[in-house]
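As a plain string of letters, each chain reads:
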Amino acid sequence: MNRLDNEEARKLTDKLKLFAQPQRFMILTLLLDGALAVSDIETRTGIGQPTLSQQIGTLRRAGIIAARRDSRSMYYSFTNDLEKETVRILLGLLRGQIEPPSELRASSGPAKEKLSQRRETVESPGGAFFARVVRHGHDIS
C-alpha cells in the first residue's frame, strides 16, 4: 500500500472520527439494511430527538447519508454504495467477522500467532472501556 501524505492522512482520520462516535456508528449500522424514517432510527437506537438530529446532521454534512422526504416523514439512507460498503467492512473488521488477508492465514509462524490473538473489552470501575489482548487464553496486556 502507498504511503500517505499529510493531507490525505488528515482527510482519512477526519472520516474515521465520524465513525468513532458511538451514536453515529449505531445510526450507520441500522442504515445498512436500508432507508429508515427518523422516527424509526430514534426508536431502534434510543437516541433522543435533539441528539439524533445533531448526529444525523453531522453525517449528512460529511456526505455519508442523505435525506429523502416522503409525505411528512424524513427518510435517511447512504448517499452511495461506497459509503454503505465502507461501513459494512469497518463493522465486519471491528467485530472480527471479515476473513483476514491470505498472508495472515499462514499455517505457522508470526502470522498464525496474530490470528490466535483476540481482544476483549474490559470495563474499569470508573466506567471507561479498555481493550485487552489475549493470546491462547492468557492475558498479555
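What you see is a predicted model; the values in this text were computed from it and never measured.

Draft legend 1. Summary view of the nonpolar core. In terms of nonpolar packing, the biggest core is built from 22 residues, with Ile27, Leu28, Leu31, Ile41, Ile64 and Ile65 touching the most fellow members. Breaking this core down by element, the ones donating at least two residues are α1 (6-19), α2 (22-31), α4 (49-61), β3 (73-78) and α5 (81-95). Broken down by element, the residue count for this core peaks at 5 residues, all from α2. Ignoring sequence-local partners within four residues, the contact set of Ile41 consists of Ile27, Leu30, Leu31, Leu36, Gly46, Leu52, Ile56 and Tyr76.

Draft legend 2. Spatial organisation of the packing of α2 against helix α3 (residues 38-45). Close contact between α2 and α3 brings their axes to 11 Å; oriented N to C, the two are set at 115°. Seen along the crossing, α2 lies across α3 with a hand that is right-handed. From α2, Met26, Ile27, Leu30 and Leu31 reach across to α3, where they touch Ile41, Arg44 and Thr45. Each residue belonging to the contact of α2 with α3 can be placed in one class, and the counts come to 5 nonpolar, 1 polar and 1 charged.

Draft legend 3. Region of interest: the sheet that holds strand β2 (residues 65-70). Read across the open sheet, the 3 strands follow the order β1-β3-β2; overall the sheet is antiparallel. Unpaired on one side and paired on the other, β1 (36-37) and β2 mark the two borders of the sheet. Across 6 bridges, β2 lies against β3 in antiparallel orientation. Bridge pairing in β3 places Arg69 opposite Met74. Contacts from α2 reach β1, β2 and β3 within the one sheet, and its direction differs from that of β3 by about 85°.

Draft legend 4. A look at the environment of Asp14. Tracing the chain through its elements places Asp14 in helix α1. Taking the C-alpha atoms as reference points, Asp14 and Ala62, 48 residues apart in sequence, are found 9.8 Å from one another.

Draft legend 5. Focus on α2. Arg24, Phe25, Ile27, Leu28, Leu30 and Leu31 are the residues of α2 that are buried. Measuring from the side-chain oxygen of the N-cap residue of α2 to the backbone nitrogen of Gln23 gives 2.7 Å; that N-cap residue is Gln21.

Cut-offs applied
Residue numbering note: each chain is counted from 1, following its sequence as written. Under the rules for a predicted model, residues below a pLDDT of 70 receive no local features and side-chain atom pairs below 80 are neither given nor counted, while totals for whole chains, interfaces and linings still include all residues. To obtain the side-chain values, all non-hydrogen atoms of the structure were used and water was disregarded. Only buried residues count toward a nonpolar core. Its members are Ala, Val, Leu, Ile, Met, Phe, Trp, Tyr and Cys residues joined through side-chain atoms within 4.5 Å. Buried, partly exposed and exposed residues are distinguished by accessible area as a fraction of the type maximum, computed with a 1.4 Å probe on protein chains only: under 20%, between the cut-offs, and over 50%, respectively. Helical segments are the DSSP runs of H or I of at least four residues, strand segments are the runs of E of at least two, and each set is numbered from the N terminus. It only takes one pair of heavy atoms within 4.5 Å for two residues to be counted as in contact. All axes are obtained by fitting lines to C-alpha atoms, using only the stretch in contact for helices, and the reported angles, taken between N-to-C directions, cover 0 to 180 degrees. Should the near helix be turned anticlockwise from the far one by less than a right angle, the crossing is termed left-handed; should it be turned clockwise, right-handed. When residues are grouped by polarity, Ala, Val, Leu, Ile, Met, Phe, Trp, Tyr, Cys and Pro land in nonpolar, Asp, Glu, Lys and Arg in charged, and all others, Gly among them, in polar. For two strands to count as paired, DSSP must find a minimum of two bridges between them. Counting of polar contacts relies on pairs of N or O atoms within 3.5 Å, with two restrictions inside protein: one atom must be capable of donating a hydrogen and the other of accepting it, and residues adjacent in sequence are counted only when both atoms are side-chain atoms.

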